[in-house]
Amino acid sequence: MKRVKAKGAEVIVYEPILENGSTFFGSLMVNDLAKFKEQRQCVFANRYDSVLNDVKEEVYTRNLFERD
């Protein structure tokens, strides 16, 4: 996240259990997946989940084979 932000990208964090509008290391937190998807240009994910299928082409993850 630090490296992406250092290049000038705005980072928005999706986390369903945290308060909407709060911040995480200076980045806006969004707890509504639909709103997150509307605002995103790409997605960095620790693990792939089927809820990302509609934006699959824009997902970057270490979990390439969905076996993690």
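Bear in mind the structure is a predicted one, so any value in this text is a computation, not a measurement. (Residues numbered from 1 in each chain as written. Predicted model: local features only at pLDDT ≥ 70, side-chain atom pairs only at ≥ 80, totals over all residues. Heavy atoms only, no water.)

(A) Structural detail: the nonpolar core. One finds Val30, Leu33, Phe36, Val43, Ala45, Tyr48, Leu52, Val55 and Val59 forming the largest nonpolar core, which totals nine residues. Only helix H2 (33-39) and strand S4 (43-45) provide two or more residues apiece to this core. If we ignore the near neighbours within four places in the chain, the residues touching Val59 are Val43, Ala45, Tyr48 and Leu52. (Core = buried A, V, L, I, M, F, W, Y, C linked by side-chain atoms within 4.5 Å. Buried < 20%, exposed > 50% of the residue type's maximum accessible area, 1.4 Å probe, protein only. Helix = DSSP H or I, 4+ residues; strand = E, 2+ residues; numbered from the N terminus. Contact = heavy atoms within 4.5 Å.)

(B) Main features of the packing of aromatic side chains. All chains considered together, the criterion is met by three aromatic pairs. Ring centres of Tyr14 and Phe36 lie 5.7 Å apart, and the angle between their planes is 40°; on these two criteria the pair is classed as tilted. In this pair, Tyr14 sits in strand S1 (residues 12-14) while Phe36 sits in helix H2, placing the two residues 22 residues apart along the sequence. Residue placement shows Lys56 over the ring face of Tyr48; its charged tip is 5.4 Å from the ring centre. (Phe/Tyr/Trp six-rings, centres within 6.5 Å; stacked < 30°, edge-to-face > 60°. Lys NZ or Arg CZ within 6 Å of the ring centre and 35° of its normal.)

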